[in-house]
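Single-letter residue listing:
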Amino acid sequence: MISPAMTPFGQLMQVFAASRKLEDPLIRRSVDDLLGAIRRERELRFFVDGTPNCGHQAATIHIMKRIISMTGFAGRVTIVYADIHQGTLGRTPDKLALLFTGLVPARIDTSILEYETCKDIRFLDYDNRDSLAGHVQFGFTGGADDMTINFAADLKVNYFLRIQPYLWDDDSSKKQDRFYQSSRLETPAGRFFYPVDDYPPFRNLPCKFSKTVCAVSEATWNWYARDQNFDPQLKRRTNNARTLYQAQQQAGLRIWPVYGLHQFREHAAEMAMNLALTGLQVQRETPGPVAVLVLMPPSEIPEFLQLLAPFARDLAEANNDLQSFSAALTARYEDQLRAEGAFSREHLDVFVAQIANQIQPCVRAKASVTLLSGYDTQTASYLDISGMLSEAVNGAGPNSLIVALIGPVPGEIYNYFYSTSSMPGVFEGQHTSSLAISMGRPFLQIPREVTGIRNPYPATVASDDFSTIASTANAAASQLRDQQYEAYLRRTNAAEPREYMAQLRKTAEFILQAQDPESSIYRYFQALGDYFQEDIHDKLFAGLMAQVLST
């Protein structure tokens, strides 16, 4: 029931939430009028933030492409980019080059690119924004953190729509903070409209990804793996990823993409083990080779193989008591916990014995973990390991787990793996959750505690209550982060060793059920895809409706 106290925007969003499709002809006409107005503009402007990672940049380019596709826009697009932070992925032009086939970072300010109907996409450094010629009607961003900046004024647009990623909108009590993060419709005069103030569930909307766009063209593969010359290391990484892509296409290799563990660097060694032990459990019931595709920069997770490598060696050498793994575990934790007077050698031995006992079925099934790193730590450079990857895939048995440290890949390739993998993709950030939710793909999201996001899985779809399944999914994902070995090795108040594999079993069961058409978890993700593929449940579309109602 709609409350009469609600604003027109809040009322409309409530109608949308309860609907499966957009059927009202008056609303459809209003939408068509706005899309037509955008299509007729001579220029659209987009702001790309200079944040350290790549989420805001990818989100903005995504909504730019969606707006072009939705409207058939054929005018000029000007992408105004801030170049603030330089992280592992480089500066903002380097990140944009991962998101635009054909873009050369060193020539960004003179480049003119194309996307579908738009043949004139240009780039401008934010520091040079005063050179923007005249005012235009519409501007957009898919993520910007500094709320003291009025981008409508800075980019000389009459209406600027700031769409923050899924679940990114903060509570209004933080509105006085500079980095209060909220979607907002801005005007040059400083008149602001916050959609989440009128309709709090606005924050729960993902930005839609169309099921037709998450594919990789031959031109994209060739550009990044062969033709571009601005980054030879990117060329190697792309070629390595292409090898696994081809194995997925031709040999049915199951890809398990993993990104974002660099946000939990101090626990990366344990998380690598949690992934491997979960994967081995899955293979016991659904045999077939699996490639864990690690897409983080290896330089940001140097401890990733610290425990996994000796464990893999134990499997290869049939060391049933896991001697190498036990020694590595001792080396990692003995000094650290002994300094606190907390280390127990007895607890470590019992813990390792429990793992060894639990994986005996895997050992009998000749399970193996093959580690292939496309990164040389001594030279801090990426390597072409495509030949080794092909050899590993060709020699893989039904219980082979291949862990491939590939590093960052172009955006289209990243999206492809997360939208097609049969194993639920693992990630941390909010932009990827929009992709997975709107496409109905099972996923394992592990948000950082600092974000305040307690459960990223939608609990309701229209009138359907999925809160129990959402809690199950969240618990399954959390085990990959929360199963930390220190808790099992402490002298006092140590966790029960049997609980370790039991908790990881939750993750394995989730993966197995997500692949079973008869399970409620499988149907849950199907329901998410069916619901969020509709434009009325898309955060960008809702933002456009806010603009309709404000003009």
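Description of the structure in this document. This is a predicted model, so every value here is computed, not measured. Along each chain, numbering runs from 1 in the same order as the chain's sequence is written. Since the coordinates come from a predicted model, pLDDT governs what is reported: local features require at least 70, and pairs of side-chain atoms require 80 or more to be given and counted, while whole-chain, interface and lining totals use all residues. To obtain the side-chain values, all non-hydrogen atoms of the structure were included, while hydrogens and water were left out.

**Considering the overall build of the protein chain**
Scanning the protein chain from N- to C-terminus turns up 21 helices and 18 strands. It is over C-alpha atoms that the radius of gyration is taken, and the globule rule equals 2.2 Å times the number of residues to the power 0.38. In terms of overall dimensions, the protein chain is globule-like: its C-alpha atoms have a radius of gyration of 24 Å, near the 24 Å expected for 551 residues. The principal-axis extents of the C-alpha atoms in the protein chain amount to approximately 70 × 55 × 45 Å. For the protein chain, buried positions account for 58% of its 551 residues. Nonlocal contacts in the protein chain, meaning residues at least 24 apart in sequence, comprise 70% of its contacts between residues at least 6 apart. Exposure was quantified through the Shrake-Rupley algorithm and a 1.4 Å probe, taking into account, for residues, occlusion by the shown protein chains and nothing else. For the protein chain, the exposed area adds up to about 22,100 Å²; of that, 47% sits on carbon and sulfur atoms. Secondary structure elements follow DSSP: runs of H or I no shorter than four residues count as helices, runs of E no shorter than two count as strands, and numbering proceeds from the N terminus. Residue exposure (1.4 Å probe, protein chains only): buried if accessible area is under 20% of the type maximum, exposed if over 50%, otherwise partly exposed. Here, residues are in contact when the closest pair of their heavy atoms is within 4.5 Å.

**Let's talk about the sheet that holds strand S3 (residues 113-115)**
A pair of strands counts as paired when DSSP detects no fewer than two bridges linking them. Spatially, the 8 strands line up as an open sheet ordered S3-S4-S2-S1-S5-S6-S7-S8, and their pairing is mixed. The two strands at the open ends of the sheet, each matched to only one other strand, are S3 and strand S8 (192-193). Of the strand pairs in this sheet, S3 and strand S4 (residues 118-125) are connected by 2 bridges, and their pairing is antiparallel. Within S4, the residue paired with Tyr-115 across the bridge is Cys-118. Axes, fitted as lines to C-alpha atoms, cover a helix only where it is in contact. Angles between the N-to-C directions of the axes lie from 0 to 180 degrees. Packed on one face of the sheet, helix H3 (residues 55-71) meets strand S1 (43-48), strand S2 (76-81), S3, S4 and strand S5 (136-141) and runs near 160 degrees to S1.

**What to know about the pattern of salt bridges**
Two side chains of opposite charge can pair, provided their charged atoms sit close to one another. By salt bridge we mean one thing: a side-chain nitrogen of Lys or Arg within 4 Å of a carboxyl oxygen of Asp or Glu. Evaluated as defined, the whole model comprises 28 salt bridges. In this structure, the salt-bridge partner of Arg-66 is Asp-535, at a minimum N-O distance of 3.4 Å. Here Arg-66, found in helix H3, pairs with Asp-535, found in the loop between helix H20 (520-532) and helix H21 (539-550); they are 469 residues apart in sequence, far enough to count as distant. According to the relative accessible area criterion, Arg-66 is buried, its value standing at 10%. Two residues, Asp-154 and Arg-129, come together in a salt bridge whose shortest N-O distance is 3.4 Å. In this pair, Asp-154 sits in helix H5 (residues 151-154) while Arg-129 sits in the loop between S4 and S5, placing the two residues 25 residues apart along the sequence. Residues joined in a network through salt bridges with shared partners are Arg-66, Lys-208, Asp-535 and Asp-538.

**What to know about the nonpolar core**
What is meant by a nonpolar core is a set of buried Ala, Val, Leu, Ile, Met, Phe, Trp, Tyr and Cys residues, joined one to another through side-chain atoms within 4.5 Å. Ile-121, Leu-277, Phe-311 and Tyr-485 are the most contacted members of the largest nonpolar core, which totals 172 residues. Of all the elements, helix H9 (residues 268-285) adds the most residues to this core, at 10 residues. Dropping the residues within four chain positions of it, Leu-277 is found in contact with Phe-311, Ile-355, Ile-359, Tyr-485, Tyr-500, Met-501 and Leu-504.

**Overview of helix H19 (residues 498-514)**
Taking 1.5 Å of rise per residue, 17 residues should cover 24 Å, and H19 covers 25 Å from first to last C-alpha, within 8% of that figure. Within the sequence span of H19, burial applies to Tyr-500, Met-501, Gln-503, Leu-504, Thr-507, Ala-508, Phe-510, Ile-511, Leu-512 and Ala-514. For a helix, the expected span equals 1.5 Å multiplied by the number of residues minus one.

**Comments concerning unusual backbone geometry**
One non-glycine residue, Lys-366, lies in positive phi territory at about 60 degrees. For Lys-366, the position within the fold is in the loop between helix H13 (360-364) and strand S11 (368-373). In this structure, Ala-462 is a non-glycine residue whose phi angle is positive, near 55 degrees. Residue position: Ala-462 is located in the loop between strand S17 (460-461) and strand S18 (464-465). With a relative accessible area of 26%, Ala-462 lands in the partly exposed category.

**Describing the pairing of strand S10 (residues 290-294)**
Counting buried residues in S10 gives 5 out of 5 residues, a clear majority hidden from the surface. For the crossover from strand S9 (residues 254-258) across H9 to S10, the handedness is right-handed. Bridge analysis of S10 against strand S14 (residues 400-405) gives 5 bridges, and the strand direction is parallel. Note on S14: the bridge partner recorded for Leu-293 is Ala-404. Here, the term right-handed applies to a crossover whose path from the first strand over the helix to the second runs clockwise when the strands point away from the viewer.

**Structural notes on the state of the cysteines**
The criterion for a disulfide is a pair of cysteine sulfur atoms lying within 2.5 Å. Applying the stated rule across the entire model yields 0 disulfides. The closest cysteine sulfur to the non-disulfide-bonded Cys-118 is located on Cys-207, 20 Å from its own sulfur. A relative accessible area of 0% means that Cys-118 is categorised as buried.

**Things to note about the packing of helix H1 (residues 8-18) against H21**
Orientation of H1 relative to H21, taken along the N-to-C sense of each, is 145 degrees, at an axis distance of 10 Å. The element H1 and its partner H21 pack so that their crossing is right-handed. Residues Pro-8, Phe-9, Leu-12, Met-13 and Phe-16 of H1 pack against Phe-541, Ala-542, Met-545, Ala-546 and Leu-549 of H21. Throughout this entry, Asp, Glu, Lys and Arg are counted as charged residues, while Ala, Val, Leu, Ile, Met, Phe, Trp, Tyr, Cys and Pro are counted as nonpolar. The remaining residues, Gly among them, count as polar. For the contact of H1 with H21, a count of residues per class yields 10 nonpolar, no polar and no charged. Crossings are classed by handedness, with left-handed meaning an anticlockwise turn of the near helix from the far one by less than a right angle and right-handed meaning a clockwise turn.

**Comments concerning the packing of aromatic side chains**
The geometry of an aromatic ring pair is captured by the separation of the ring centres together with the interplanar angle, meaning the angle of the planes. Only Phe, Tyr and Trp rings take part, Trp by its six-membered ring, and two of them pair if their centres are within 6.5 Å. Stacked means planes under 30 degrees apart, edge-to-face means over 60, and tilted covers everything else. Applying the stated criterion across every chain, the model contains 32 aromatic pairs. Summarising the aromatic geometry, the rings of Tyr-485 and Tyr-500 are spaced 5.3 Å apart at their centres and angled 85 degrees between planes, so their arrangement reads as edge-to-face. With Tyr-485 in the loop between helix H17 (467-482) and helix H18 (486-489) and Tyr-500 in helix H19, this pair connects stretches of sequence that are 15 residues apart. Each member of the pair, Tyr-485 together with Tyr-500, is buried. Here, over-ring charges are defined by two tests on the NZ atom of lysine or the CZ atom of arginine: distance to the ring centre within 6 Å, and angle to the ring normal within 35 degrees. Sitting over the face of the ring of Tyr-194, Lys-175 holds its NZ or CZ atom 4.0 Å from the ring centroid.

**Quick look at the side chain of Ser-419**
Turning to its location among the elements, Ser-419 is positioned in helix H15 (residues 411-420). We define a polar contact as two N or O atoms separated by no more than 3.5 Å, with the added condition that, inside protein, one atom must be a possible hydrogen donor and the other a possible acceptor, whereas residues neighbouring each other in sequence contribute only through side-chain atom pairs. A polar side-chain atom of Ser-419 sits 3.1 Å from the main-chain carbonyl oxygen of Tyr-416. Contact partners of Ser-419, with chain neighbours within four places excluded, come to Cys-214, Leu-435, Met-439 and Arg-441.

**Looking at H21**
Between its first and last C-alpha, H21 extends 17 Å over 12 residues, near the 16 Å set by a 1.5 Å rise per residue. Of all 12 residues in H21, 10 are buried; the element is thus mostly enclosed. Within H21 the residues assigned to the buried category are Lys-539, Leu-540, Phe-541, Ala-542, Gly-543, Leu-544, Met-545, Ala-546, Gln-547 and Val-548. The N-cap of H21, judged by a side-chain oxygen 3.2 Å from the amide nitrogen of Leu-540 a few residues on, is Asp-538.

Spatial relationships are all this shows, so hold off on functional conclusions.
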